[in-house]
Amino acid sequence: EFGDPQSVYDTAVNRNPSWIYPAPGSYDPRLIVTNQSGCRDTATTTLTIHGLPAAGFNASIACVGHPTYFFDHSDPYLAPVNLWGWRVSDSLGRFLGSMQGATPEFVFDSIGNYTVLLTASDTNQCADTLRAQVMVEPSPLSAFSYNENVEQVQGQVQFNDGSIGADEYHWDFGNGEISPLASPVMTFTEDGTYTITLVTLNEEGCSDTTSM
């Protein structure tokens with residue numbers, strides 16, 4: 001007798017049975033054994049059924065060739081969640097990789113829809129699993145060239161955008177000046193070596209960075 005008050009069928013007659021309890025809590029299962037002479041004995045115990053954690057996560061924007069960051073948001077029942085196992089598969093169900101920990105990262109090498117599975121386990125070894133779809137977007141490719149002394153003005157540099165798939169531009173000229181233009185002109189007033197950085201973004205929010 002499994003002591004489940006929500007069922008009238010919570011009994012079994014085999015030696016080593018199993019029973020699924022419908023809710024967390026404290027139960028009082030009872031075992032009655034009888035021999036061939038009709039003599040019987042009874043043993044009882046108190047059984048604690050722990051609640052399951054509720055697995056949950058979200059992720060940063062997924063862009064081809066760049067790390068996608070995953071963030072565990074699993075809800076513990078009572079015991080804290082202390083183990084996380086992640087599995088990544090493509091749209092055909094083919095295994096691509098696994099991760100561990102609460103905040104892992106994964107690099108997708110092509111656009112498309114992927115399945116990410118999270119198994120979250122607590123200190124009672126109770127676990128829950130969640131599957132979610134992740135859409136991987138294309139990334140732009142940042143590239144540029146430059147021409148010096150444009151219009152015969154010493155220190156005036158024309159930067160020529162050669163990026164692919166970019167909709168937004170962020171230039172840093174290494175002299176405290178910035179620009180949002182695709183192909184800006186910058187006049188450097190002091191001799192020196194400058195690191196020019198171009199960050200491009202597309203309309204999906206994916207970015208790429210190059211420096212010269």
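Going by the structure above, here's the rest.
Everything in this summary refers to the structure shown in the same document. (Residues numbered from 1 in each chain as written. Predicted model: local features only at pLDDT ≥ 70, side-chain atom pairs only at ≥ 80, totals over all residues. Heavy atoms only, no water.)

### Regarding the state of the cysteines
Argument step 1. Evaluated as defined, the whole model comprises 1 disulfide.
Argument step 2. Disulfide partner of C63: C206, at an S-S distance of 2.0 Å. Judged by the torsion about the S-S bond (-90°), the C63/C206 disulfide is left-handed. Note that C63 is positioned in strand β6 (residues 62-63) and C206 in the loop between β18 (197-201) and β19 (207-211), a separation of 143 residues in sequence. (Disulfide = S-S within 2.5 Å. Helix = DSSP H or I, 4+ residues; strand = E, 2+ residues; numbered from the N terminus.)

### Side note on unusual backbone geometry
Apart from glycine, the bulk of residues carry a negative phi angle, and the bulk of peptide bonds sit in the trans form.
Argument step 1. Non-glycine residue N149 carries a positive phi angle of around 50°.
Argument step 2. For N149, the position within the fold is in the loop between β13 (144-147) and β14 (156-161).
Argument step 3. In this structure, E151 is a non-glycine residue whose phi angle is positive, near 55°.
Argument step 4. Residue position: E151 is located in the loop between β13 and β14.
Argument step 5. For E151, a relative accessible area of 66% corresponds to the exposed category. (Buried < 20%, exposed > 50% of the residue type's maximum accessible area, 1.4 Å probe, protein only.)

### Looking at the sheet that holds strand β10 (residues 105-107)
Argument step 1. Spatially, 3 strands are ordered β5-β7-β10 in an open sheet, and the strand pairing comes out antiparallel. Since the sheet does not close on itself, it has two edges, and those belong to β5 (57-59) and β10, each with one partner. Mean inter-strand twist for the sheet, computed between neighbouring axes without regard to direction, equals 25°.
Argument step 2. Pairing between β5 and strand β7 (residues 67-72): 3 bridges, direction antiparallel. Opposite F57, over in β7, you have D72 as the bridge partner. (Pairing = 2+ DSSP bridges. Axes fitted to C-alpha atoms, helices over the stretch in contact; angles between N-to-C directions.)

### Some thoughts on the side chain of N202
Argument step 1. Along the chain, the position of N202 falls in the loop between β18 and β19.
Argument step 2. Of the polar contacts made by the side chain of N202, one reaches the backbone nitrogen of E204; its length is 3.1 Å.
Argument step 3. In this structure N202 touches P138, S139, P140, G165 and D167, once residues within four positions along its chain are discounted. (Polar contact = N/O pair within 3.5 Å; in protein donor to acceptor, adjacent residues only side chain to side chain. Contact = heavy atoms within 4.5 Å.)

### Some thoughts on a negative patch on the surface
Argument step 1. A cluster of acidic side chains, namely D167, E168, E203 and E204, defines a negative patch on the protein surface.
Argument step 2. Looking at where D167 falls in the secondary structure, it is placed in the loop between β14 and β15 (168-172). (Patch = residues over 30% accessible without salt bridge, like charges linked within 9 Å, V, L, I, M, F, W, Y side chains within 5 Å. Areas by Shrake-Rupley, 256 points an atom, 1.4 Å probe, with all protein chains shown as cover. Salt bridge = Lys/Arg side-chain N within 4 Å of Asp/Glu carboxyl O. Lys, Arg positive; Asp, Glu negative; His and termini not counted. Charge placed at Lys NZ, Arg CZ, Asp CG, Glu CD.)

### Concerning the pattern of salt bridges
Oppositely charged side chains are able to pair whenever their charged atoms sit close together.
Argument step 1. Here the structure, examined in full by the defined rule, presents 2 salt bridges.
Argument step 2. Across the pair E1 and R30 runs a salt bridge whose closest N-O atoms are separated by 2.5 Å. With E1 in the segment before β1 (25-27) and R30 in strand β2 (residues 30-34), the pair connects residues that are 29 residues apart, well separated along the chain.
Argument step 3. For E1, a relative accessible area of 40% puts it in the partly exposed group.

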